[in-house]
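What follows is the residue order along each chain.
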Amino acid sequence: MSSYIKYIGWFALAVISQVLLFNNISLLNYIVPFGFLWFIIILPIKVNHTLLVLISFLLGYLVDMFSGGVIGLHAAAATMAGFIRPYVLKKYHTAEFEYDSKALPNIKNLGVSNFVIYSLIIIYTHHLLYYLLEAFSTKDFLLTMFRALLNSVFTLLFILFFQYIQIRTKDK
């Protein structure tokens, strides 16, 4: 029961921090980190796939609602990120990790390089779909891909920072 409360708190923290903090961080009015993706990335490995997709949709929908943008962009992109997550995670985890139902896909369990690749695939998939839907055109496709890549790297840096903080607080 306490783990459910922890994840509900993390969910709320992801939405609130995106709406109040990350949406207000902008480099050159072009790069905005989507830190709420941390929640999708860090959920336990054994989360039911259907539940993961629903949670991802709800997370994206709430970010859309409270951000004041077009409702549906984050919802669609976060749903896709939640959908592909188990397939990406399966490729980048170790065999013993698969049998621990409460194991989290973090740097400690996956290793730095696997965590970075796993996270970057999830983040870039979200960002690419988000910016393609936002542009609703393939006219500037290369620019859209570049924008998604820049934002993905920026978002990844924040997620790695979150990981560092989590590891430091657990070690104390």
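All of these numbers come straight from a predicted model, not from anything done at the bench.

Asker: I keep staring at the environment of Pro-44 and nothing clicks. Help me out?
Answerer: Mapped onto the elements of the fold, Pro-44 is located in the loop between α2 (37-42) and α3 (49-67). C-alpha separation for the pair Pro-44 and His-93, spaced 49 residues apart in sequence, amounts to 12 Å.

Asker: Explain the packing of α3 against helix α4 (residues 73-92) here, please?
Answerer: What describes two packed helices is the angle between their axes and the distance between those same axes. Between α3 and α4, whose axes approach to 7 Å, the crossing angle comes to 155°. Overall, the two elements α3 and α4 adopt an arrangement that is roughly antiparallel. Here α3 runs over α4; the crossing is right-handed. Contacts between α3 and α4 involve His-49, Leu-52, Val-53, Ser-56, Phe-57, Gly-60, Tyr-61, Val-63 and Asp-64 from the first element and Leu-73, His-74, Ala-75, Ala-78, Thr-79, Gly-82, Phe-83, Arg-85, Pro-86 and Tyr-87 from the second. The residue inventory of the contact of α3 with α4, partitioned by class, reads 11 nonpolar, 6 polar and 2 charged.

Asker: Can you walk me through α4 in this structure?
Answerer: One full turn of an α-helix is made of 3.6 residues, so residues set three or four places apart face in the same direction. End to end, α4 covers 28 Å across 20 residues, agreeing with the expected 28 Å (1.5 Å per residue, within 8%). A maximum bend of about 40° is found in α4 at Arg-85, where proline Pro-86 lies one to four positions downstream. Among the residues making up α4, those that are buried are Leu-73, His-74, Ala-75, Ala-77, Ala-78, Ala-81, Gly-82, Ile-84, Arg-85, Val-88, Leu-89 and Tyr-92. Tucked inside the fold, the buried residues of α4 contact α2, α3, α5 (107-110) and α6 (112-135).

Asker: Would you mind showing me how to read the packing of helix α1 (residues 2-20) against α3 here?
Answerer: Contact pair α1 / α3: the axes reach a minimum separation of 9 Å and the direction vectors enclose 30°. Our classification of the angle between α1 and α3 gives roughly parallel. The crossing of α1 and α3 is right-handed. Of the residues in α3, those in contact with Phe-11, Ala-14, Val-15, Gln-18 and Val-19 of α1 are Ile-55, Leu-58, Leu-59, Leu-62, Val-63, Phe-66 and Ser-67. Within the contact of α1 with α3, the residues separate by chemical class into 10 nonpolar, 2 polar and no charged.

Asker: It is not clear to me how the confidence of the model for the protein should be interpreted in this structure. Could you clarify?
Answerer: Note: predicted coordinates in regions of low pLDDT should not be interpreted at a detailed level. Here the protein averages 87 in pLDDT, while 93% of its residues score no lower than 70. Within the protein, the lowest mean pLDDT, 84, falls on α5, and the highest, 94, falls on α3.

About the criteria used
Residues numbered from 1 in each chain as written. Predicted model: local features only at pLDDT ≥ 70, side-chain atom pairs only at ≥ 80, totals over all residues. Heavy atoms only, no water. Helix = DSSP H or I, 4+ residues; strand = E, 2+ residues; numbered from the N terminus. Axes fitted to C-alpha atoms, helices over the stretch in contact; angles between N-to-C directions. Parallel < 35°, antiparallel > 145°, perpendicular 65-115°, else oblique. Left-handed = near helix turned anticlockwise from the far one by under 90°. Contact = heavy atoms within 4.5 Å. Nonpolar A, V, L, I, M, F, W, Y, C, P; charged D, E, K, R; others polar. Expected span 1.5 Å × (residues − 1). Bend = angle between axes of the 7 residues up to and from the residue. Buried < 20%, exposed > 50% of the residue type's maximum accessible area, 1.4 Å probe, protein only. pLDDT = per-residue confidence, 0-100.

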